[in-house]
Amino acid sequence: MDHEAVVNDLFDTCTWLGDYHEDNGKQKYLARERDQCLTALLDLDKMLEEDSPESGYVVRQQLGEWQVLRRRMIPLFVSYQKDSELATNVVQLMVKLTTRVGLYGSDELQHLRHLQDYKEAFSKSDIFTVLLRLVMEALDNEAGPGQQFFKDVLVLIRNLVSVPDPGPGDAGYTPLRRRLQLTYIRHFHDEGVLDFFHFLGEQLVMREENNADQVWAVAEILYHICTTFDPQEMWQKRKEQKKRDLSELLARDKADSKLMAPQSSRHSRFGTSMQTFSADGSLNVSASVMQKSIIQKSSALLKKEFRNPLGSEKKQNMFHNPFFVDLAEGSVRDHNQLNPHVRGSLDDRADHSEKVLLGYRSFLEKCTWMSSLVSILRSSCNPSKPTTGSEFKLPYLLNFVSWFLEFHRCQHALQVAEAKKKNEPPPDLDIAALQGAIDVDMVQFTTARLRDFGKVAQMHQSQLMVALRVLSQQIQTIKVMTECSGSDTRDCGDILVRHLVKEDIMFNVAWIMKNFKTSVHDPRILSYSVEVWQLMILLMNRLRERYDQSTFQVERLRGSHMTRSDTTVEQEVSSLSDSRVMQNLFHLIEKYRRLSAPLQSMLIELIYSIMKAHHTNIVIFFELTCFMRIYRMMTDPLLTNTKNNSKYKDIVGLLEFILESFFQCAEVNSCV
């Protein structure tokens, strides 16, 4: 059957789902008889089954263009909501229409726009309320639409929340769709859907034979909910949140005023020195209006900036995929600011009402089954055979574990702060609640991904960044465990530290820092590598002091063989004595405007430790190009301004130490 015949047949079938008629000047939907509607639904289901990639999924694309789901299926579902057979068939068709299929290029963007249309259509409160009421009826009694209807609704919700909200310039963007996910999150809270998720997750974990499809459906729903929440914000008081928001608004207004400050209009031929005050009150002295206060980067340095490549066929950059949804809130914002290609990294945080925040916080506290859910997901995840719709399972799992661990650490930090106010001993971290995300099996799973996407794959940058992110969260959680007063929790943390060293993550992170290319690889890979390295050095030193243990056992894979050896903290630091590492770290320092305070401190400390490992390591900075980069930073008013002394004093101190060391070396070495 040719394309035109398929479209005509499809149009005739859709007309039997109902029509719109004018009533008092308004278009009103009128459903046809039940049997006619049921026949049309069965015909549409058959057409969708026969729809294939060879035809370009013409049926799905045409139904999306005609907006059949919003204009006909949803009104039909509301009209016959008490008819279980017809409601079940409508929901099954909705599931097929909202399921992502394998399209590419412009067809893929058109398909995404159709999915966003579907998501917007279901955001209306009336259809959402009807759908959830039928789900509750199916749970309360067996006389409802049936178990299949229950599964279809779960998949339908998963399909809808998995559709990413478009940003400015994206396909299907409208101002209302930019925060559409927040509307769903609010409906989940107001309509009691969280209780449904809690019941379903508990039942799936309790079953001996788990249904992998349903488990992953629940997990993906939870993941796309968590991406919009900041774990720290969920445990903060509203007053503290308002203070943080106010400080961000003041900082942004200050930055805008600098850009809008008027320039000096005096002509350059006068040749006299001029003093001008910037918007932040700092004093600039120049000999000409043509003189710039900040030395711009040279073309050679600009070529070293990250260009966000698409990647090869085997190592595709999944951040270019319009269907991928990454974590956007929490500690990831500090690292996302380093990559200028990450959308929304400098935007406002997702704004949730206090009622919604408290509701989701209590929901997550009740979900004690999430640890077991993570274990099930890990065992059923097969990263070697991805298909359309399942290629993001591994990064979603790792991102969910990252968010899950950060949430529990923020909860523990609040408990410790409250105990300190009451002069009570701080409680231990509840490791039973996050066992599946921090046990030996999960640590081995994460370190295996670090090796696979690092040295084995020669830097699969998008997957490697996610692997380093979850590894960083695991190490931060282990650090909290080693600081607990309870001997059992502390001993578990010490055992996990030894196991991490045994998995040879130090060698793999060192390899990443040596082979990192600033123009090709995501800068977040380097920032997470610095974070992982410094945290591991801290934990290894802590074990050395606690148990007088100077050496650690390491198992290193070399092809199909494994070698065992011992290592020390000094040996690991000395392994970074490489010019490539120092150049990459110095490149990261040049992004001081976007570095968070903890990351800046770790970076400076790492550079100092490499310098102290051997007194000749500092010579790598004794180059003219390096001195020009130092001069460019030291002439930046942001660093020289007295108001920022405390914020950037470590960076200024490092640069001054490099210059001082150069002149000391020049006094005794004429070759310098």
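Structural data are supplied above this passage.
Our subject in this report is the structure included herewith.

Thresholds applied
- Residues numbered from 1 in each chain as written.
- Predicted model: local features only at pLDDT ≥ 70, side-chain atom pairs only at ≥ 80, totals over all residues.
- Heavy atoms only, no water.
- Salt bridge = Lys/Arg side-chain N within 4 Å of Asp/Glu carboxyl O.
- Helix = DSSP H or I, 4+ residues; strand = E, 2+ residues; numbered from the N terminus.
- Buried < 20%, exposed > 50% of the residue type's maximum accessible area, 1.4 Å probe, protein only.
- Expected span 1.5 Å × (residues − 1).
- Polar contact = N/O pair within 3.5 Å; in protein donor to acceptor, adjacent residues only side chain to side chain.
- Disulfide = S-S within 2.5 Å.
- Phe/Tyr/Trp six-rings, centres within 6.5 Å; stacked < 30°, edge-to-face > 60°.
- Lys NZ or Arg CZ within 6 Å of the ring centre and 35° of its normal.
- Axes fitted to C-alpha atoms, helices over the stretch in contact; angles between N-to-C directions.
- Parallel < 35°, antiparallel > 145°, perpendicular 65-115°, else oblique.
- Left-handed = near helix turned anticlockwise from the far one by under 90°.
- Contact = heavy atoms within 4.5 Å.
- Nonpolar A, V, L, I, M, F, W, Y, C, P; charged D, E, K, R; others polar.
- 1 Å grid on protein atoms, 1.4 Å probe; cavity = no way out; pocket = protein on both sides within 12 Å on 5 of 7 lines; lining within 4 Å.
- Points joined across faces, edges and corners; volume = space filled by probe spheres on them.
- Pairing = 2+ DSSP bridges.

**A word on the pattern of salt bridges**
Line of reasoning, step 1. One pass over the structure, following the stated rule, counts 32 salt bridges.
Line of reasoning, step 2. When the shortest N-O distance is used, the salt bridge between arginine 542 and glutamate 483 registers 3.4 Å. Taken together, the residues arginine 542 in helix H24 (residues 523-547) and glutamate 483 in the loop between helix H21 (461-482) and helix H22 (487-502) connect sequence positions 59 residues apart.
Line of reasoning, step 3. Residue arginine 542 is classed as buried on the basis of its relative accessible area of 18%.

**Description of unusual backbone geometry**
Line of reasoning, step 1. In this structure, glutamine 67 is a non-glycine residue whose phi angle is positive, near 55°.
Line of reasoning, step 2. Mapped onto the fold, glutamine 67 is located in the loop between helix H3 (58-66) and helix H4 (68-79).
Line of reasoning, step 3. The backbone phi angle of glutamine 458 is positive, close to 55°, even though this residue is not glycine.
Line of reasoning, step 4. Mapped onto the elements, glutamine 458 comes out in the loop between helix H20 (440-456) and H21.

**Notes on helix H5 (residues 84-98)**
Line of reasoning, step 1. Given a rise of 1.5 Å per residue, 15 residues ought to cover 21 Å, and the 21 Å separating the end C-alpha atoms of H5 matches this to within 8%.
Line of reasoning, step 2. With a side-chain oxygen lying 3.3 Å from the backbone nitrogen of glutamate 85, the N-terminal cap of H5 falls on aspartate 83.

**Details of the state of the cysteines**
Line of reasoning, step 1. All chains considered together, the criterion is met by zero disulfides.
Line of reasoning, step 2. Free cysteine: cysteine 226, not disulfide-bonded; nearest cysteine sulfur from cysteine 367 at 9.4 Å.
Line of reasoning, step 3. On the basis of relative accessibility, which here comes to 4%, the residue cysteine 226 falls in the buried class.

**Some points on the packing of aromatic side chains**
Line of reasoning, step 1. Counting across every chain of the model gives 19 aromatic pairs.
Line of reasoning, step 2. When the centroid spacing of 5.4 Å and the interplanar angle of 50° are considered together, the rings of tryptophan 235 and phenylalanine 407 count as tilted. Of the two residues, tryptophan 235 sits in helix H12 (residues 231-235) while phenylalanine 407 sits in helix H18 (residues 393-421), which places them 172 residues apart along the sequence. In this structure, tryptophan 235 and phenylalanine 407 share a single accessibility class: buried.
Line of reasoning, step 3. Taken together, the aromatic side chains of Tyr223, Phe319, Phe324, Phe392 and Tyr396 make up a single cluster linked through ring pairs.
Line of reasoning, step 4. Just above the ring of phenylalanine 319 sits the side chain of arginine 524; from NZ or CZ to the centre is 4.8 Å.

**Quick notes on the packing of helix H17 (residues 370-380) against H18**
Line of reasoning, step 1. Running from amino to carboxyl end, H17 crosses H18 at an angle of 160°, the nearest separation of the two axes being 11 Å. What the angle tells us is that H17 and H18 run roughly antiparallel. Classified by chirality, the crossing of H18 by H17 is left-handed. In this structure, H17 uses Met370, Ser371, Val374, Leu377 and Arg378 to contact H18, whose residues at the interface are Leu397, Phe400, Val401 and Phe404.
Line of reasoning, step 2. Residues belonging to the contact of H17 with H18 are distributed by class as follows: seven nonpolar, one polar and one charged.

**Points about empty space enclosed by the protein**
Line of reasoning, step 1. Going through the model one piece at a time under the given rule, you end up with four cavities of 30 Å³ or more.
Line of reasoning, step 2. The calculated volume of the largest cavity comes to roughly 50 Å³.
Line of reasoning, step 3. Of the residues belonging to the lining of the largest cavity, the class tally is seven nonpolar, no polar and two charged.

**Quick word on H18**
Line of reasoning, step 1. In this model, H18 (29 residues) spans 42 Å end to end at C-alpha, consistent with the 42 Å of a helix rising 1.5 Å per residue.
Line of reasoning, step 2. Two residues or fewer past H18, asparagine 423 is found with a positive phi of approximately 55°.

**Section: the pairing of strand S6 (residues 561-567)**
Line of reasoning, step 1. By the bridge criterion, seven bridges tie strand S5 (residues 552-558) to S6 in an arrangement that is antiparallel. Bridging from a neighbouring strand, arginine 556 pairs with threonine 563 of S6.
Line of reasoning, step 2. Hairpin connection between S5 and S6: a loop of two residues separates the two successive antiparallel strands, and glycine 559 in this loop has a positive phi of roughly 70°.

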